[in-house]
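Examination of the molecular architecture
For reference, the chains in residue letters:
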Amino acid sequence: MLTLHIPAISCGHCVRAITAAVQELDPAATVEADVGSKQVRIDSTAAHAPLLARLAEEGYPASIKH
Ligand SMILES: [Cu+2]
């Protein structure tokens, strides 16, 4: 489980775009997003670095929350 902070997330469209980008790398990934706290939880076997790179490319730079 990976928890990200994504400042650019602001609506349901963002959530769908982020989910689609993650599922391009791992079709089995699940994505739970909370627009209010700009927090996204990703359950995926994909490596973190390519996921973060793909999200940044999509316009959603993310930082990993610990
Ligand atoms: Cu949006």
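Computed from a predicted model, the values in this text were never measured in an experiment.

Parameters and conventions
Each chain carries its own residue numbering, running from 1 in the written order of its sequence. Where local features are concerned, this predicted model is filtered to residues with pLDDT of at least 70; where side-chain atom pairs are given and counted, the filter is 80 or more; whole-chain, interface and lining totals use all residues. Only hydrogens and water are removed before side-chain values are computed, so all heavy atoms of the structure are retained for them. Axis lines are fitted through C-alpha atoms, for helices just across the contact stretch, and the angle between N-to-C directions can take any value from 0 to 180 degrees. Secondary structure elements follow DSSP: runs of H or I no shorter than four residues count as helices, runs of E no shorter than two count as strands, and numbering proceeds from the N terminus. Our angle categories are set so that under 35 degrees counts as roughly parallel, over 145 as roughly antiparallel, 65 to 115 as roughly perpendicular, and the remainder as oblique. Crossing handedness follows the turn of the near helix against the far one: under a right angle anticlockwise gives a left-handed crossing, and clockwise gives a right-handed one. What makes two residues a contact is simply this: any of their non-hydrogen atoms within 4.5 Å. Gly is put with the polar residues, along with every residue not named as nonpolar or charged; the nonpolar set is Ala, Val, Leu, Ile, Met, Phe, Trp, Tyr, Cys and Pro, and the charged set is Asp, Glu, Lys and Arg. Throughout this description, buried means an accessible area under 20% of the type-specific maximum (1.4 Å probe, protein chains only), exposed means over 50%, and partly exposed covers the range between. Between N or O atoms, a polar contact is any pair within 3.5 Å; within protein, one atom must be a potential hydrogen donor and the other a potential acceptor, and residues adjacent in sequence are included only when both atoms are from side chains.

Some thoughts on the packing of helix H1 (residues 12–25) against helix H2 (residues 48–57)
The geometry of H1 relative to H2 is characterised by a closest axis approach of 10 Å and an angle of 140 degrees between their N-to-C directions. As far as their axial angle goes, H2 and H1 are oblique. The handedness of the crossing between H1 and H2 is right-handed. Across from Ile18, Ala21, Val22, Glu24 and Leu25 in H1, the residues of H2 making contact are Pro50, Leu51, Arg54 and Leu55. Residues belonging to the contact of H1 with H2 are distributed by class as follows: 7 nonpolar, no polar and 2 charged.

What to know about the environment of Glu57
Among the secondary structure elements, Glu57 is positioned in helix H2. The class for Glu57 is exposed, based on a relative accessible area of 63%. Note: C-alpha distance between Glu57 and Ala21 (36 residues apart in sequence) is 9.3 Å. A polar atom in the side chain of Glu57 sits 3.3 Å from the side chain of Arg54.

The values reported here are purely geometric and, on their own, carry no functional implication.
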